[in-house]
Amino acid sequence: MTSTVDEKAAQTAQSEVDATSGFEKKSPHGNLTTLAQAAATEHAITPAQAVRTYWRAFAWCLFINMGALLWGYDSQVGGGLLSVSSFRRDFGSFIDGQYVLAASWQSAFNSISSIGGMAGAFSLGYISELFGRRGAVAVACFVSIVGILIQFLTPPHKNGMLLAGKLINGFSLGMYVSSAGSYCAEVSPLALRGITTASVNLWIDLGQFMSNGVIRGTGNRTDAYAYRLPFALQWIFPVILLVGLPFAPESPWWLVRKGRVDDARKVITRLGGPTIDADMQLQQIQDTIELEDTYAASARYIDCFRGVNLRRTIVAMMVFVLQQGAGVVFVLGFSTYFFELAGFADTNAFNLGIGVTAIGVVGNLLTFYTVNRLGRRFIFFWGMLACTTVLLLIGFISISDSQNARWTVAAFTIIYNFIYQTGIGPLGYVIFAEVSSAKLRSKTVALGIWVNSLCSMVVNIVVPYLVNPDEANLGGYVGFIFGGLAFAGTIWTWYFIPETKDRTVDELDVLFEEHVPARQFATRNLFRSDSPSN
């Protein structure tokens, strides 16, 4: 099998190198022969072959992505705890014969983690460059343990202390998700890059699924452990990460940038085994870094908004704006509400909500197959269009107040979740990690998560006012609002989301530097001397 791959790579490399000789004379990008050879080798490997050869890289990416599970867990556990009677008793006020949580405090409780996540994501750009990708995850683990401890030890009616714990833990969550995207993009071979970066969203879904199950199991308790146990279970994952991190390989890209070339070579050999050409891969990393240095000498946050990096940063941020614009909080966050409208009892509606999350996990697993088959741009565009259609259908169906209409809306929430989790959900984490330059990846990824946290916070505050009966009481009509936003986002996707499938880091650098339109990323031949410049 290895010899077949090598022969195919050699044939592809020779044709690309021959074409490159003419390109180099006119190119401002320097000598691309080594990069062409390395790219040809990566293009020749299928995902199945890559898993067999680079199984260590694949396994370590899944391990590092475990931190993203806590992002999903935290986002879901807040809403779940608000329905737990002992939580309302210990942090609410007794009004008219029942314990009530103030609406303003509920908003703070649901959004404080996003504020912490924004700070954590922004800090990653500095921490990751200083301590490496592994070091950044370790810092996130220690911060997370402290934040969880504060939440667990919060006595009744010390609402400010609970919010402080959520804020500190939120800081670690922003670091977890940002680190996961950067690590996968830099450790995975080209054939596995889409799968490992998409698995970030899978871990988020698994966290949401686990959170729903934990609340279901502990919520009926009458003591403080009804809500303390869901907090405490989060400790499991930072501890597991801290145990495994000393054995995890560091990003070879970070090592090369720090001048630790020998260490980078050892990591590359460890990730791919003795059959790979470690020297060629190392040379590819060095040449790509040298190539990017010719474009920009510094790697500060401000550089993300200069020159062609501005375009890359906008794409990395917009994929998360589009996710929120496509109504994920409205449909999935209020799925239990729609099930109750359809006539299900509270317990059954909650159980159906758990089922919806499970369907999302299945959708994510399906993405592992489609992301390399269909491409990033194709899946994201059609996913946006499909979400737009479902949202508008929810709006139109909600015009009728019949029981059949309510059943149909409930069914469409399940359909929407499957579409979202096979499309724009996981693909957002793929595109934002791939579209950035290697030099600015940690900072571009951090900005993407920062925007994700900001949009999530805003939407989580606004949507309840649109849906709740005591406010705007729009119910399913909100589908028209998000359907319109999603339609605008679909158009934006068509013109601005590039295809990053089958493109190495250096190839993407050249495509952006040449100002190639997004619609031509998949077809542009970089190694033709007569290639147009725009």
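Above: the structure in question.
The paragraphs below set out a description of the structure included in this document. Given the structure is predicted, the values throughout are model-derived calculations rather than measurements. (Residues numbered from 1 in each chain as written. Predicted model: local features only at pLDDT ≥ 70, side-chain atom pairs only at ≥ 80, totals over all residues. Heavy atoms only, no water.)

**Section: the overall build of the protein**
Using the following cut-off: In DSSP terms, a helix is any run of H or I states spanning at least four residues, a strand is any run of E spanning at least two, and both are numbered starting from the N terminus. For every residue, the accessible area obtained with a 1.4 Å probe (protein chains only) is divided by the maximum for its type, and the residue is called buried under 20%, exposed over 50%, and partly exposed between those limits. Shrake-Rupley sampling with a 1.4 Å probe provides the accessible areas, and residues are treated as covered by the protein chains on show and by no other component.
When you go through the protein residue by residue, the secondary structure sums to 24 helices and two strands. Split into buried and exposed, the 534 residues of the protein put 57% on the buried side. Carbon and sulfur atoms make up 63% of the accessible area of the protein, which amounts to about 20,800 Å² in all.

**Here's the deal with a nonpolar patch on the surface**
Rule in force here: Patches were defined on residues exceeding 30% relative accessible area and lacking a salt bridge, with like-charge contacts within 9 Å and nonpolar side-chain contacts (Val, Leu, Ile, Met, Phe, Trp, Tyr) within 5 Å. Take a side-chain nitrogen of Lys or Arg and a carboxyl oxygen of Asp or Glu: if they are within 4 Å of each other, that pair is a salt bridge.
On the surface, F487, I491, W494, Y495 and F496 cluster together into a nonpolar patch covering about 530 Å² of accessible area. Examined against the element boundaries, Y495 turns out to sit in helix α23 (residues 478–496).

**Notes on the packing of helix α4 (residues 55–64) against helix α13 (residues 261–272)**
This is how the line gets drawn: Helix axes are fitted only over the stretch in contact, all axes being lines through C-alpha atoms; the angle between N-to-C directions runs from 0 to 180 degrees. In this scheme, roughly parallel covers angles under 35 degrees and roughly antiparallel covers those over 145, while 65 to 115 is roughly perpendicular and the rest are oblique. Here, residues are in contact when the closest pair of their heavy atoms is within 4.5 Å. Three residue categories are used. Nonpolar comprises Ala, Val, Leu, Ile, Met, Phe, Trp, Tyr, Cys and Pro, charged comprises Asp, Glu, Lys and Arg, and polar comprises the others, including Gly.
The geometry of α4 relative to α13 is characterised by a closest axis approach of 5 Å and an angle of 100° between their N-to-C directions. Between α4 and α13, the angle falls in the class roughly perpendicular. Of the residues in α13, those touching α4 at R56, A57 and W60 are R270, L271 and G272. A breakdown of the residues in the contact of α4 with α13 according to their chemical character gives three nonpolar, one polar and two charged.

**Section: helix α9 (residues 190–218)**
So the rule is basically this: For a helix, the expected span equals 1.5 Å multiplied by the residue count minus one. The angle separating two fitted axes, one through the seven residues that finish at a residue and one through the seven that start at it, defines the bend at that residue.
Taking 1.5 Å of rise per residue, the 29 residues of α9 would be expected to cover 42 Å, and the 43 Å separating its terminal C-alpha atoms lies within 8% of that figure. At V200, α9 shows its largest bend, some 25°. Of all 29 residues in α9, 23 are buried; the element is thus mostly enclosed.

**Quick look at the side chain of N212**
Just so we agree on the cut-off: We define a polar contact as two N or O atoms separated by no more than 3.5 Å, with the added condition that, inside protein, one atom must be a possible hydrogen donor and the other a possible acceptor, whereas residues neighbouring each other in sequence contribute only through side-chain atom pairs.
By the element assignment, N212 lies in helix α9. A distance of 3.5 Å separates a polar atom in the side chain of N212 from a polar atom in the side chain of Q76. Excluding its chain neighbours within four sequence positions, the residues that come into contact with N212 are Q76, F350, G353, I354 and T357.

**Points about the pattern of salt bridges**
One pass over the full model with this rule turns up 18 salt bridges. Two residues, E186 and R257, come together in a salt bridge whose shortest N-O distance is 3.6 Å. Of this pair, E186 sits in helix α8 (residues 159–187) while R257 sits in helix α12 (residues 252–257), and the two are 71 residues apart along the sequence. Among the ionic pairs, D263 bridges to R260, the shortest N-O distance being 3.0 Å.

**Examining the packing of aromatic side chains**
Under the convention used in this document: Two rings belonging to Phe, Tyr or Trp (six-membered ring only in the last case) form a pair when the distance between their centres is within 6.5 Å. Interplanar angles under 30 degrees mark stacking, angles over 60 mark edge-to-face geometry, and anything in between is tilted. For a Lys NZ or an Arg CZ to count as sitting over a ring, it must be within 6 Å of the ring centre and within 35 degrees of the ring normal.
Within the structure shown, the criterion is met by 25 aromatic pairs. Here the aromatic rings of F87 and F91 are separated by 5.0 Å at their centres, their planes lie at 40°, and the arrangement is tilted. Placement of both F87 and F91 in helix α6 (residues 85–91) is noted, with a separation of four residues, approximately one turn of the helix. Ring centres of Y429 and F432 lie 5.8 Å apart, and the angle between their planes is 90°; on these two criteria the pair is classed as edge-to-face. Here F432 and Y429 lie together in helix α21 (residues 424–434), a separation of three residues that amounts to about one turn. Put simply, the rings of F87, F91, W105, F109 and Y227 touch in pairs and so form one group of aromatic residues. One Lys or Arg, R377, reaches over the ring of W494 and ends 4.8 Å from the middle of that ring. The side chain of K443 reaches across the aromatic face of Y126, ending 5.8 Å from its centre.

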